[in-house]
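An overview of the molecular structure
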Amino acid sequence: FILGRIINGFACGIATGVTTLYISEISPVAVRGGVGVSHQFMITFGILVGFVLSISKLLTSFPHYYQVYFALPALPALYQLLLLPLCPESPNWLYYNKEREDQAREALTKLRGSRSQ
């Protein structure tokens with residue numbers, strides 16, 4: 001149980017960093033800051049909800065509530081897993097790291113809906 005919690009903690013930390021990087025790379029410059037802030041706000045709000053749900057008064061009122069509490073993160077994880085194939089690769093990553101300019105342009109077209117120059 002403890003090892004699983006440690007692995008899950010590292011995975012959540014890595015996912016938080018990678019997600020922030022990805023959405024900052026695919027966002028238009030005009031809204032990039034707002035998108036990054038809203039992402040961090042939602043993470044903080046989720047931590048707050050987790051703390052509220054784990055109040056000992058709530059946990060002692062429902063003896064098997066902790067099982068639901070540990071299972072709830074599976075719902076957004078499943079949602080993200082289903083939507084992941086629809087996300088294009090980062091045009092920035094394709095262009096600078098893989099040197100695939102044509103694929104970077106295709107990814108930009110998919111993201112922005114117009115052909116870039």
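Heads up: these notes are all about the structure in this document. Throughout, a residue's number is its position along its own chain's written sequence, starting from 1. Residue-level local features of this predicted model are given only where pLDDT is at least 70; pairs of side-chain atoms are given and counted only at 80 or more, and the full residue set underlies all totals for whole chains, interfaces and linings. Hydrogens and water are ignored here; the side-chain numbers use all heavy atoms of the structure.

What about a nonpolar patch on the surface?
This is how it is decided: Patch membership needs two things, relative accessible area over 30% and no salt bridge, and members are linked within 9 Å if like-charged or within 5 Å if nonpolar (Val, Leu, Ile, Met, Phe, Trp, Tyr). All accessibility values rest on the Shrake-Rupley procedure with a 1.4 Å probe; residue burial counts only the protein chains present in the view. Every case where a carboxyl oxygen of Asp or Glu lies within 4 Å of a side-chain nitrogen of Lys or Arg is listed as a salt bridge. The helix count covers DSSP runs of H or I at least four residues long, the strand count covers runs of E at least two residues long, and both are numbered beginning at the N terminus.
Together, F41, M42, F45, L48, V49, V52 and I55 line one region of the surface with nonpolar side chains, adding up to about 660 Å² of accessible area. Within the secondary structure layout, F41 lies in helix α2 (residues 32-53).

Remarks on the environment of L111
Inclusion rule: Working definition: with a 1.4 Å probe on protein chains only, accessible area under 20% of the residue-type maximum means buried, over 50% means exposed, and in between means partly exposed. Residue contacts follow a heavy-atom distance rule, with two residues in contact if any of their heavy atoms lie within 4.5 Å.
Among the structural elements, L111 can be located in helix α7 (residues 101-112). Given a relative accessible area of 28%, L111 falls into the partly exposed group. When the C-alpha positions of L111 and P91 are compared, they lie 9.3 Å apart, and in sequence the two are 20 residues distant. Contact partners of L111, with chain neighbours within four places excluded, come to I26, P88 and P91.

Focus on the side chain of S90
Within the secondary structure, S90 sits in the loop between α5 (74-83) and α6 (91-96). Apart from residues lying up to four places away in sequence, S90 is in contact with Y22, E25 and I26.

Everything listed is a geometric property; what it means functionally is a separate question.
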